[in-house]
Amino acid sequence: MLYKTVSFTQFFHYIYGIIQLVKNRPFDHLFRPHVLKPFLWLNFFFIISTCLNAQINSTIPQWVNINSIKDVGIVNKKAIKDGYHYVLVDEQYNIVKKHNYFHYATSAITEEALVNVSQIEFSYDPSYEKAYLHSVKIHRGNQVIDKTPSLVLKELNEENERGNGILNGKKTLYTNLSDVRKNDIVEYSFSIIGENPIMKNYFNLSLWLSYSVPVGKIYLRVIFPKNIEPSISNQNISISPKIKITDVNDYTWEVNNPKITKLESSTPSWYNPYRRVQISNLKNWNEVKEHCRSLLAVSAYNNLGLKKIVDSIAKSTKNIEEKITSIIEFVQTHVRYSGNEAGIYSHVPRSPEYILKNRFGDCKEKSTLLNEMLKLIEVKAYPVLINTSLGKTLTDQNPSIDVFNHCISCFIYEEKYYFVDPTISYQRGNFKLRIVPSYEIGMVLDNSKNTFETIEPDLKSTTSMLEEFFIEKTGGARLKVTSVFTGSSADASRYDFLVNSLYDVQDAYKKFYTRFTDDIEIIDTVSYIDNEEKNEFTVTEHYFLNNFWVPEDSTKSKVVKKDFLPYSLHYKLNYGEENKRNDPLLISYPVNHTHTITIYKEGGWNVENSTKTENNRFFSYSYSTKLNEESLILAYSFSSKTDIIEPKDYLDYKTKMDFINNNMVFSSEEKPLTDGTVGFNWSLILVLLCGLTLASIASWHLYKKPFKSDYISRFSSIGGWLILVGIGVTITPFTLLFSLYKECEGDIAVNYAIYYFDERSVYFSPLRGYFSLFVTFFNSLLFVTSILILILFYQKKASFRLYYSLFRISNVVILIIDVIILHSLYSDSNELDERQLLSTETTGMIRVFIQTCIWVPYIWYSERSRYTFTKENTLANGSPTEIPPPLEEDNANIKLAD
């Protein structure tokens with residue numbers, strides 16, 4: 001129970017009151033000597049203990065510089081978020097006295113934010129610290145309300161890590177203020193006295209000079225011994241302290257209305273854009289290493305228990321790698337992660353004997369036990385200090401002892417460092433397969449002069465998924481999912497099955513596939529195969545997806561639409577939401593993910609084989625579609641190459657990710673046919689044969705028909721721009737033949753008659769049916785005619801000029817009619833493929849029209865053309881046209897230049 005401070009005057013009055021009570025003797029029978037004496041002693045010790053353990057002390061230490069909120073300017077309230085802001089941040093650290101003073105003032109401008117400003121709390125470690133609340137005041141306009149006398153101060157056990165088995169021994173002083181109103185200013189101050197003895201007069205402070213909310217004034221002060229020359233590091237700010245030297249060094253930083261720091265989403269854990277100053281009396285990281293080596297040094301202990309376990313392992317195998325693996329597995333799986341880190345044990349491990357006996361320990365204690373066991377088989381091993389958030393940017397910080405938040409182990413085997421995290425209990429396989437997370441660097445507490453060692457990232461772990469959809473005639477689909485994980489991915493999956501019930505895992509996996517349909521049934525319980533030797537974990541799932549391949553709304557549409565994409569890969573990717581960034585972007589790394597979707601459907605697919613790839617400095621990605629009889633295979637592969645996208649590279653990265661975004665989803669569509677629709681397309685074949693027959697007869701007649709020319713040949717070969725014409729007339733029959741093939745291939749098994757006459761069919765549209773026959777008929781005509789044009793061209797027949805011009809003009813007319821009909825059919829369509837067809841045909845028509853406008857005049861008026869195509873020339877009207885002088889091949893004076 002906590003009590004308020006009792007002053008000496010109050011104590012005197014209390015004792016005086018008791019004396020007067022005894023003199024007046026209102027309860028004479030209670031104040032006999034044998035009763036009164038114990039009562040007086042009880043009260044005396046009660047008061048003394050109250051004085052000694054007081055948690056509220058209104059006396060501000062004399063060394064503190066007093067800051068008044070009256071001297072603080074007004075903040076920009078437009079910049080306030082979450083409804084509150086700081087009026088004053090006043091922090092003063094006296095290293096000499098081991099006394100830290102904190103003084104804050106906050107204000108809420110919304111009712112919701114009153115929760116933030118009306119609760120006061122601060123933590124301390126009672127094993128080496130004392131905490132005092134000095135005062136709490138509320139400023140309401142010109143009125144100052146002192147809340148200190150009426151405070152109800154509670155002491156809470158912090159222990160926010162007890163869920164992980166860790167007790168840190170810290171306590172929190174907490175009070176909830178009454179009658180706090182909007183626009184009030186809540187001002188409070190407190191002190192924390194003491195220092196962890198493991199620091200041994202070393203200090204390192206991070207002084208924050210910016211916040212994410214507005215602050216009226218920041219006042220920071222550090223007092224330390226005069227004989228110390230501190231190491232000061234400015235982060236994101238250039239500011240010098242005000243220095244006052246007396247019998248101590250007195251450094252002060254003061255900032256009014258500091259700039260608000262905003263942090264964008266998905267930033268790395270090490271990224272810190274806030275303005276701050278780091279000050280310490282540590283010279284370098286080597287000094288940190290030497291001190292930490294002394295903290296984690298193992299004192300003499302009884303190692304008989306360790307030897308017994310190691311000897312049993314040694315008897316089971318003579319292979320040194322198997323011995324190392326067995327020892328690691330013992331510590332990881334048979335010594336649980338737990339510990340009491342109160343006091344010095346926040347940095348100092350207990351003895352290996354104690355850890356083995358209790359079969360639990362925190363990270364540094366499990367690492368110590370592992371190292372000692374490895375030493376018994378003559379393997380050199382050392383503790384490694386880690387900062388799980390800062391990674392390799394740790395070296396950019398000021399040297400500090402308490403910057404580390406984790407401890408792992410490393411040992412030397414075949415002259416190589418191997419890192420092991422003994423707190424990970426679900427790893428399997430040879431020690432070379434047991435991968436530590438991306439810690440990047442660590443301080444190995446060995447005898448070398450190197451302060452940090454690089455911890456190589458895990459680039460070998462993979463995830464491979466196969467989803468097989470078997471679509472049935474009923475519209476349902478069987479789904480089999482096979483996932484294979486290796487390395488750290490196997491560790492993570494194994495952990496899911498170890499810490500969760502099979503029911504919970506099954507339920508989570510099932511919910512994942514509700515993306516395809518809400519009506520999903522489990523055919524067989526999820527199962528797994530754990531190949532511990534290879535550290536490979538395979539999971540198999542079986543589901544039935546009801547109403548999978550059915551229209552979304554059967555009352556309005558009979559079209560089946562379904563999107564397929566690799567969801568497991570999609571959720572790992574960060575596409576970039578902002579148009580630009582000022583902060584680095586964190587993306588998943590390392591990622592080596594392959595995903596295959598195989599879809600089996602009766603009748604197969606009308607899909608072309610294709611492969612699309614993107615390989616850049618950020619990632620490599622490929623997506624392919626492949627047909628295999630009645631199955632469609634969608635294959636995806638992604639490998640990341642970095643974990644950070646710098647702001648200057650963000651737009652380039654976002655553009656590259658757009659490629660994935662545009663080439664990940666496979667959208668399928670099927671229009672189910674009514675009874676009688678499937679059959680041989682006689683109408684299409686008849687129209688095709690009719691067109692080919694009529695065109696062949698007409699072409700033969702035109703080829704044999706005499707055609708007289710008014711010109712005599714002056715060119716022995718085809719040259720000039722006619723070469724381009726020749727290329728065109730040569731290619732045209734092949735392109736038209738390919739078009740005919742594509743048209744017939746897709747519709748040969750569809751009975752067009754039902755489209756013309758069956759109004760019940762979803763495809764009933766006579767205009768579309770007749771249009772399809774129209775296109776086929778005229779393409780067959782053009783195909784045969786193009787062959788005639790090709791023959792006339794290479795034989796240099798006089799009729800070529802006329803027939804070529806008519807062929808070109810007819811082609812344009814047909815295309816114009818084609819586009820007009822398509823516009824009437826698809827101009828209001830919301831279907832992507834139909835609108836793309838309309839766009840493609842319109843563009844093609846414009847292109848052919850422009851070509852016709854160029855080549856028809858050239859063929860008709862060019863002297864090169866007139867005096868090249870002259871065969872079967874006969875006189876017209878009795879006499880030939882006047883023959884101009886002979887032309888040279890390079891004659892530049894022709895009427896229409898070649």
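Below, the structure is looked at part by part. The shown structure was predicted, so the numbers you read here are calculated from the model rather than taken from an experiment.

**Side note on the pattern of salt bridges**
Then comes step 1: One pass over the structure, following the stated rule, counts 26 salt bridges.
Then comes step 2: For the salt bridge of R221 with D250, the shortest nitrogen-to-oxygen distance reads 2.8 Å. Of the two residues, R221 sits in strand β11 (residues 215-225) while D250 sits in strand β14 (residues 248-256), which places them 29 residues apart along the sequence. The residues R221 and D250 share a single accessibility class, namely buried.
Then comes step 3: Between E290 and R293 there is a salt bridge, with its nearest N and O atoms 3.6 Å apart. Highlighted residues: E290 and R293, both in helix α4 (residues 285-295), separated by three residues, approximately one helical turn.
Then comes step 4: Judged by relative accessible area, R293 falls into the partly exposed class, the value being 28%.
Then comes step 5: One salt-bridge network, held together by shared partners, links R617, K648, D649, D652 and K656.

**A short note on the nonpolar core**
Then comes step 1: Ranked by size, the top nonpolar core spans 45 residues in total, and within it F190, L207, L209, V222, F224, W253 and I279 carry the most contacts.
Then comes step 2: For this core, the element with the highest residue contribution is β11, accounting for five residues.
Then comes step 3: Other than its neighbours up to four places away in sequence, I279 contacts F203, N204, L205, L207, V222, F224, P230, S231, I232, Y251, W253 and N398.
Then comes step 4: Counting residues in hydrophobic clusters, the runner-up holds 41 residues, among them L565, L569, I587 and M664.

**With respect to helix α5 (residues 304-316)**
Then comes step 1: Over its 13 residues, α5 runs 19 Å from end to end, which matches the ideal 18 Å to within 8%, given 1.5 Å per residue.
Then comes step 2: Buried within α5 we find L306, I309, V310 and I313. All buried residues of α5 lie within an arc of 95 degrees about the axis, which places them on one face of the element. Away from its buried face, by an angle of more than 90 degrees, α5 presents the exposed residues L304, K308 and K315.
Then comes step 3: The inward-facing, buried residues of α5 contact α6 (320-334), α7 (352-358) and α8 (363-375).

Cut-off values and rules
- Residues numbered from 1 in each chain as written.
- Predicted model: local features only at pLDDT ≥ 70, side-chain atom pairs only at ≥ 80, totals over all residues.
- Heavy atoms only, no water.
- Salt bridge = Lys/Arg side-chain N within 4 Å of Asp/Glu carboxyl O.
- Helix = DSSP H or I, 4+ residues; strand = E, 2+ residues; numbered from the N terminus.
- Buried < 20%, exposed > 50% of the residue type's maximum accessible area, 1.4 Å probe, protein only.
- Core = buried A, V, L, I, M, F, W, Y, C linked by side-chain atoms within 4.5 Å.
- Contact = heavy atoms within 4.5 Å.
- Expected span 1.5 Å × (residues − 1).
- Arc of directions from axis to C-beta.

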